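Now for the letters of each chain:
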Protein chains: 2
Amino acid sequence: MIKQSIKLSVDAVVFGYEEGKISVLLIKRKYEPFKDKWAIPGGFVLNDESLEEAVERELQEETGVKINYLEQLYTFGEPSRDPRGRVVSIAYFGLVRPNTFKIFASTDASEVQWFTIDELPELSFDHQEILEMSIKRLQGKITYEPIGFELLDKKFPFSDLEKLYTTLLGREIDRRNFRKKILGLNVLDELDEKVSKGSGRPANLFQFNQKRYFQLKKEGIIFEI
Amino acid sequence: MIKQSIKLSVDAVVFGYEEGKISVLLIKRKYEPFKDKWAIPGGFVLNDESLEEAVERELQEETGVKINYLEQLYTFGEPSRDPRGRVVSIAYFGLVRPNTFKIFASTDASEVQWFTIDELPELSFDHQEILEMSIKRLQGKITYEPIGFELLDKKFPFSDLEKLYTTLLGREIDRRNFRKKILGLNVLDELDEKVSKGSGRPANLFQFNQKRYFQLKKEGIIFEI
DNA sequence: GTATTATTGCGTAATAATTACGCATATGAT
DNA sequence: ATCATATGCGTAATTATTACGCAATAATAC
């Protein structure tokens, strides 16, 4: 039997949402190959850590990000995808609230930066493909799983949620029907707090009730936009 | 940097459909660990083959199966999942038409057998978990992608398709509404052939038109049951 | 050969879900 | 006070889903 010499890495596409824009966290590579090019954060898996642990460790090391939601995306294994040799990479996608921490570059990264998804730089390896798949997955997923809340502040006005969905889905949504639908799902708690931004009627704040969501899911009631 | 010593394998959950039953192809392991226990077919990835090539090679070697549809399922990487050491496995799920070839056991398998999914034996490693995830994926997927046809003969009476869906989804479907819906999707060609099985009015044969499906998909028209 | 049974195939009505849209309400700005 | 702006509630029109009746065409029983 031929000895297997395949290396295993993890990569993470991390999405954030601020000021009506979806952004992705990228690092500038400090070393070859693709030195000084932008890439998705990631790195090799250690012998005794799980894949999720590897992702969270690498993200912490390279960017300082604390992940809020993490999900396995796909495993990329084309023999030619890394010039150093055979590297199979398990890609994840994650959601964070950018305003809850400060990003910084270290270890393999010389820079860390948020890029809005319509202004992306050229990427290393097959990271362009990974990123495109992530965006599609995110767009698909928010219509049948309540993961959008992971991108918003814990307490948010309804208009923030609506803005997020119009941005992510890339189309207009009727505000009144959207409100009816979401509130009808019964996964939001209406708080006794109001917030006013600029002119206009002040908005009530809402909060996602995860416990209630799991309860409904167990009863077979599905979340769908 | 610590040298990485992780092995990479692929596993494939292969589904077949015959006589109104969904079956999974399992092998009996010839060697330790889990010698003489049932398992999902699979094995280690070679240095210079793609992951899909590895799956198809292992299936051919161990079982003689020629796969009809193959899709990546999930990557399982818990450090403790294999008693031999760290083995990360990329699981696939596949669909075949069992009546188009003969299965046989060889290399790592002492036996190969179809098991209906409600009469499964005890499985090796974390293969139980992999299989459960596969079944869920299959059930979910047939409602929004026309992959069910990969399990049927190329030419089939409508009742076969209906039977497949009731079996997979585990619930009754109104024959007349189902027919309207599927035919309305415009992805089936009605042939000028009829088939009669036992008594009753002979049924027209249909054939899935993949070209037409891709065309409709490109136009944004979605398949959904 | 005729009646019976089984299965296919086409239609229409009742119900539910989605979409479109009018307008009152509450605040900041002038 | 008046206007501009954004929130929040309702109802009607449209579309999709579900329920179900029944004719058509064969094998089978007698």
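So, here is what we can say about the structure in this document. Residue indices follow the written sequence of each chain, beginning from 1 at its first position. Chains carry letters from A onward and ligands carry numbers from 1 onward, assigned in written order. Under the rules for a predicted model, residues below a pLDDT of 70 receive no local features and side-chain atom pairs below 80 are neither given nor counted, while totals for whole chains, interfaces and linings still include all residues. Heavy atoms throughout the structure, all of them, feed into the side-chain values; hydrogens and water do not.

Comments concerning the overall build of chain A
Piece 1. Runs of E in the DSSP output that reach at least two residues are strands. Runs of H or I that reach at least four are helices, and both are numbered from the N terminus. The helix and strand tally for chain A stands at five helices and ten strands.
Piece 2. Expressed as lengths along the three principal axes of its C-alpha atoms, the size of chain A is roughly 65 × 40 × 30 Å.
Piece 3. When each of the 225 residues of chain A is scored for burial, the buried share is 50%.
Piece 4. Sequence-distant contacts, at least 24 apart, represent 69% of the contacts inside chain A between residues at least 6 apart.
Piece 5. For the accessible areas, the method is Shrake-Rupley and the probe is 1.4 Å, while residue cover comes only from the protein chains on display. Summed over its atoms, the accessible surface of chain A is roughly 11700 Å², and 48% of this surface lies on carbon and sulfur atoms.
Piece 6. Distance from the positive charge centre (34 side chains) to the negative charge centre (37 side chains) of chain A: 4 Å. Partly exposed residues are those whose accessible area sits between 20% and 50% of the maximum for their type, while under 20% is buried and over 50% is exposed, using a 1.4 Å probe and protein chains only. Any two residues having at least one pair of non-hydrogen atoms within 4.5 Å are treated as being in contact. In this tally, Lys and Arg are treated as positive and Asp and Glu as negative; His is ignored, and so are the chain termini. Charged side chains are reduced to one point each, which is NZ for Lys, CZ for Arg, CG for Asp and CD for Glu.

Some words on the relation of the copies chain B and chain A
Piece 1. The atoms used to superpose the copies are C-alpha atoms, taken from residues with pLDDT of at least 70 in both, and the fit is least squares. For the pair chain B and chain A, the relating rotation is 180 degrees, the translation along its axis is 0.0 Å, and the fit reaches an RMSD of 0.0 Å. The transformation relating the two chain copies, once decomposed into turn and shift, fits a two-fold axis.
Piece 2. With an isologous cut-off of 70% or more, the 100% of interface residues of chain B that recur at the interface of chain A puts this contact in the isologous class.

Concerning helix H4 (residues 175-185) of chain A
All names here are of chain A.
Piece 1. For H4, every residue scored as buried is listed here: Phe178, Ile182 and Leu185. Down the axis of H4, the sector holding all buried residues measures 55 degrees, keeping them to one side. Of the exposed residues in H4, the ones pointing more than 90 degrees away from its buried face are Arg176, Lys180 and Gly184.
Piece 2. Tucked inside the fold, the buried residues of H4 contact helix H3 (158-169), strand S9 (188-195) and helix H5 (210-218).
Piece 3. Side-chain atoms alone can form a polar contact between residues adjacent in sequence; in general such a contact is a pair of N or O atoms within 3.5 Å, and within protein one must be able to donate a hydrogen while the other accepts it. In this structure Asp174 caps H4, since a side-chain oxygen of it lies 3.0 Å from the backbone nitrogen of Arg176.
Piece 4. Looking one or two places after H4, you find Asn186, whose phi comes out positive at around 65 degrees. The directions from the helix axis to the C-beta atoms are what the arc is built from.

Remarks on a negative patch on the surface
Piece 1. Candidates for patches are residues over 30% relative accessible area with no salt bridge; among them, like charges are joined within 9 Å and nonpolar side chains (Val, Leu, Ile, Met, Phe, Trp, Tyr) within 5 Å. Salt-bridge detection follows one rule: a side-chain nitrogen of Lys or Arg within 4 Å of a carboxyl oxygen of Asp or Glu. Among the surface-exposed residues, Asp48, Glu53 and Glu56 of chain A together with Glu78, Glu129 and Glu132 of chain B lie close enough to one another that they form a single negatively charged patch.
Piece 2. If you list the elements that add at least two residues to the negative patch, you get helix H1 (51-63) of chain A together with helix H2 (127-141) of chain B.
Piece 3. On the basis of relative accessibility, which here comes to 42%, the residue Glu56 of chain A falls in the partly exposed class.

Comments concerning the sheet that holds strand S8 (residues 155-157) of chain A
Sheets are built from strands paired through backbone hydrogen bonds, the pairs being either parallel or antiparallel.
All names here are of chain A.
Piece 1. Being paired, for any two strands, means DSSP has found at least two bridges between them. Pairing is antiparallel across the open sheet formed by three strands, whose spatial order is S8-S10-S9. Each edge of the open sheet carries a strand with a single partner, namely S8 and S9. Each adjacent strand pair in this sheet contributes to an overall mean axis angle of 40 degrees, direction not counted.
Piece 2. Pairing of S9 with strand S10 (residues 203-208), which is carried by five bridges, proceeds in the antiparallel orientation. Counted as the bridge partner of Glu190 is Phe206 from S10.
Piece 3. H3 contacts S8, S9 and S10 of the sheet and is inclined by roughly 80 degrees relative to S8. Under this scheme, a helix contributes an axis fitted over its contacting stretch, all axes are lines through C-alpha atoms, and angles between N-to-C directions fall in the 0 to 180 degree range.

Some points on the protein's contact with DNA strand C
Piece 1. As a matter of local geometry, DNA strand C sits amid 21 residues, with Arg176 of chain A together with Ser159, Arg175, Arg176 and Arg179 of chain B nearest to it.
Piece 2. Nearness of a residue to a molecule or strand requires only that one of the residue's heavy atoms be within 4 Å of it. Restricting the count to atoms of DNA strand C within 4 Å of the protein gives a sugar and phosphate share of 51%.
Piece 3. In the environment of DNA strand C, a base nitrogen lies 2.9 Å from a nitrogen or oxygen atom belonging to the side chain of Asn177 of chain A.
Piece 4. Gly200 of chain A is positioned such that a nitrogen or oxygen atom in its backbone is 3.2 Å from a base oxygen of DNA strand C.
Piece 5. Elements supplying a minimum of two residues to the surface near DNA strand C: H4 of chain A together with helix H4 (175-184) and strand S10 (203-208) of chain B.
Piece 6. Note on residue classes: Ala, Val, Leu, Ile, Met, Phe, Trp, Tyr, Cys and Pro are nonpolar, Asp, Glu, Lys and Arg are charged, and everything else, Gly too, is polar. Considering only residue class, the surface near DNA strand C consists of three nonpolar, eight polar and ten charged.

Considerations on the interface of chain B and chain A
Piece 1. Counting residues at the interface gives 26 residues for chain B and 26 residues for chain A.
Piece 2. Accessible surface is computed with a 1.4 Å probe, and the buried area is the amount of it that two parts give up when combined, taken over both parts together. At the boundary of chain B with chain A, total buried surface from both sides reaches about 2100 Å², with 49% on carbon and sulfur atoms.
Piece 3. Summed over the three residues of chain B that lose the most area to chain A, namely Gln4, Asn47 and Gln72 of chain B, the buried surface amounts to 28% of that side.
Piece 4. Remark: the boundary between chain B and chain A carries zero salt bridges.
Piece 5. Run the count over chain B and chain A and you get 15 residue pairs in polar contact (both at pLDDT 80 or more).
Piece 6. Secondary structure elements with two or more residues in the side of chain B that touches chain A: strand S1 (7-18), helix H1 (51-63), strand S5 (69-76) and strand S6 (87-95) of chain B.
Piece 7. Broken down by element, the side of chain B that touches chain A gets its largest block of residues, three residues, from S5 of chain B.

Points about the sheet that holds strand S9 (residues 188-195) of chain B
Residues and elements named next belong to chain B.
Piece 1. Overall, antiparallel pairing links the three strands, which are arranged S8-S10-S9 in an open sheet. Both outer strands of the open sheet, strand S8 (155-157) and S9, are each paired with one neighbouring strand and no more. Each strand of the sheet is rotated relative to its neighbour by a mean of 40 degrees, with strand direction disregarded.
Piece 2. By the bridge criterion, three bridges tie S8 to S10 in an arrangement that is antiparallel.

Focus: the packing of aromatic side chains
In this description, a pair of aromatic rings is defined by centroid distance and the angle of the planes.
Piece 1. Only Phe, Tyr and Trp rings are paired, with Trp represented by its six-membered ring, and only when their centres lie within 6.5 Å; those with planes under 30 degrees apart are stacked, over 60 edge-to-face, the remainder tilted. Summed over the entire model, instances satisfying the criterion amount to 26 aromatic pairs over all chains.
Piece 2. Between Phe15 of chain A and Phe93 of chain A, the ring centres sit 6.1 Å apart and the planes meet at 75 degrees, which makes this aromatic pair edge-to-face. Taken together, the positions of Phe15 of chain A in strand S1 (residues 7-18) and Phe93 of chain A in strand S6 (residues 87-95) put the pair 78 residues apart, joining distant regions of the chain.
Piece 3. According to the relative accessible area criterion, Phe93 of chain A is buried, its value standing at 0%.
Piece 4. For the ring pair Tyr69 of chain B and Phe93 of chain B, a centre distance of 6.3 Å and an interplane angle of 55 degrees mean the geometry is tilted. Pair noted here: Tyr69 of chain B is in strand S5 and Phe93 of chain B is in strand S6, with a separation of 24 residues, a long-range link. We note that Tyr69 of chain B, like Phe93 of chain B, is buried.

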